[in-house]
Amino acid sequence: MSLSSTYRAGGSATYGRDHNATWEAFEAALGGLEGGTAVAFSSGMAAIAAVIESLPPGATVVAPGDAYQGTRLLIDDLTATDRIRVRAVDIADTDATLRVCTKIAGHGPGGLLWIESPTNPLLAIADLGSLSTGAHRLGLRVAMDNTLATPLLQRPLDAGVDVVVHSVTKLLAGHSDVVMGAAVSRDQAVITELIKRRSLRGAVPGPFETLLALRGMRTLAVRLERAETNAAELARRLSGRRGINRVRYPGLPDDPGHGRACEQMQGFGAMVAFEVDGGADGGEGLCRHLRLIVPGTSLGGVESLIERRGRYPAERHLPPGLLRLSVGIEDVEDLWADLDQACKAAGLG
Ligand SMILES: *Cc1c(COP(=O)(O)O)cnc(C)c1O
C-alpha cells in the first residue's frame, strides 16, 4: 500500500491527489472485471457526480424515476439551478424510455440516458442492449449504475454502455467497512475527464480504503455466490408466507424481470424486496422483531441488512410496507428462522 502524499520529483507520480499506486492496483482489478479502464473515487456518489457533472450546461438526463435516491437527489439539486434538466422514466419499459429519449434528442447539448438494473430498491430489470443501441442512435450517451449486479453478473460495457459507475462500498468491498466508488469506461476521452474531475474536486479515495476494497474483491465471487443462493431461497419461502405480499426478486420465475435477467445476467443477485401486510407499521414491526438480520441502511455486506425504504422523504413513491433485504452469507436456515419468528412476533401470521 502506498501512503505517500508526495513523491520525489522526476518520477511518474507527483502528488497524492493525482497519483497513488494502491488506486492503480484497484483500478486494474475492477477494470479487468468490467472490461474497461477504471477510475477510483472517494464514494459511489463522487463517481456518479463526476459523470453527471461532466455534462455540458443545459443537458438533459433521462433517468429511472425509481433510481437510487442519492442519484435522484443529486439530479434534483442540479436541476434546481438549471445546470441540467431531467426526464424520469420507467427504465424497465424500453419503448417508453426510448420515446422520451427521442423527444429530448436534439434539444440542447449532450443528452444522457442513465440506467440502473436491477433498480434499487424495486429490482426492475432494464434491457441494456436495446436501450444502449436506441440511445446511441439518437445521439445520447449512456451511463449505468452496476452496483447491485457487479461485473460478475453483468458487464454493461459489453452491452454498449459508455460509462459504468459503482458504489464500491457495497458488494465489491463487501464488509461494510469502506465508503468508496469507481467509474469504468472504454472511452479515453471519458477517462481523461473523470480523472481531471477527481483531481480538481478532490474526490480521491484514501489508500487504506482502497486496500480494503481490493482485499474485499478477492472474495467477491464466493461471497456473491453464497449470498445469491441464500437470496433465492429466502425469496422463494417469502413468496409463500402469510403476511407477506408481492416478493420482488429477478430469480423468481413469475418476476416481471425474470426473462430479461435470464438473457443478460449471470445470476440474480443478493437483493430481495417484499411488501408486508399492514403497510408502514407492518414493515417497521417486522424489522423491530428481527434478532439476526440487522435493520440498517446500505447493502452488499457479508451480514444481512433490512430497511423500510419508504421511511425516507425521497422514497415516498414506494409502497409503504416495502422492505429491502440485502442478503448476506449467513446460514440460510438461521436467516429464515429469524424472518419467520419476526413475522410471528409482529402479528403477521
Ligand atoms: C449506495 C449506492 C450508491 C452510492 O454509493 P456511496 O458509496 O454510498 O456514495 C449509488 N448507487 C447505488 C445503487 C447504491 O446502492
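Residues numbered from 1 in each chain as written. Predicted model: local features only at pLDDT ≥ 70, side-chain atom pairs only at ≥ 80, totals over all residues. Heavy atoms only, no water.

As for empty space enclosed by the protein
Then step 1. Inspection of the entire model under this criterion finds two cavities of 30 Å³ or more.
Then step 2. As for the largest cavity, its lining consists of L171, G174, R223, L224, A227, A270, G300, G301, V302, S326, V327 and I329.
Then step 3. When residues of the lining of the largest cavity are assigned to their parent elements, the largest contribution, three residues, is made by helix 9 (residues 220-239).
Then step 4. In terms of residue class, the lining of the largest cavity is built from seven nonpolar, four polar and one charged.
Then step 5. Space inside the second largest cavity adds up to approximately 40 Å³.
Then step 6. Along its surface, the second largest cavity is lined by P118, L123, L148, P250, F268, G269, A270 and M271. (1 Å grid on protein atoms, 1.4 Å probe; cavity = no way out; pocket = protein on both sides within 12 Å on 5 of 7 lines; lining within 4 Å. Points joined across faces, edges and corners; volume = space filled by probe spheres on them. Helix = DSSP H or I, 4+ residues; strand = E, 2+ residues; numbered from the N terminus. Nonpolar A, V, L, I, M, F, W, Y, C, P; charged D, E, K, R; others polar.)

Focus on the site of the ligand
Then step 1. In the neighbourhood of the ligand, 14 residues make up the surrounding shell, with M45, D145, S167, T169 and K170 lying closest.
Then step 2. Interatomic distance of 3.2 Å between a side-chain N/O atom of N120 and an oxygen atom of the ligand.
Then step 3. Here T169 contributes a side-chain N or O atom positioned 2.6 Å from an oxygen atom of the ligand.
Then step 4. Out of a free accessible area of 380 Å², the ligand has 91% covered by protein chains. (Near = heavy atom within 4 Å. Polar contact = N/O pair within 3.5 Å; in protein donor to acceptor, adjacent residues only side chain to side chain. Areas by Shrake-Rupley, 256 points an atom, 1.4 Å probe, with all protein chains shown as cover.)

Here we look at the pattern of salt bridges
Then step 1. Summed over all chains, the structure comprises 18 salt bridges.
Then step 2. Note that R311 and E307 form a salt bridge whose closest N and O atoms lie 2.7 Å from each other.
Then step 3. Take E307: its relative accessible area is 2%, and that puts it in the buried class.
Then step 4. Via salt bridges that share partners, R72, E307, R309, R311, E315 and R324 belong to a single interconnected network. (Salt bridge = Lys/Arg side-chain N within 4 Å of Asp/Glu carboxyl O. Buried < 20%, exposed > 50% of the residue type's maximum accessible area, 1.4 Å probe, protein only.)

Description of the packing of aromatic side chains
Then step 1. Here the structure, examined in full by the defined rule, presents one aromatic pair.
Then step 2. With 6.5 Å between their ring centres and 70 degrees between their planes, Y249 and F268 make a pair best called edge-to-face. Taken together, the residues span a long stretch of sequence, with Y249 in the loop between strand 8 (244-248) and helix 10 (258-264) and F268 in the loop between helix 10 and strand 9 (271-276) at a distance of 19 residues. (Phe/Tyr/Trp six-rings, centres within 6.5 Å; stacked < 30°, edge-to-face > 60°.)

Some thoughts on the sheet that holds strand 9
Then step 1. In space, the five strands of this open sheet follow the order 8-9-12-11-10, with mixed pairing throughout. Each edge of the open sheet is held by one strand with a lone partner, namely strand 8 and strand 10 (294-295).
Then step 2. Relative to strand 9, strand 8 runs antiparallel, the two being bridged by three bridges. Residue pairing for strand 9: R248 is matched across the bridge by A273.
Then step 3. Against the sheet, helix 11 (residues 279-289) touches strand 8, strand 9, strand 10, strand 11 (305-308) and strand 12 (322-326), its axis set at about 125 degrees to strand 9. (Pairing = 2+ DSSP bridges. Contact = heavy atoms within 4.5 Å. Axes fitted to C-alpha atoms, helices over the stretch in contact; angles between N-to-C directions.)

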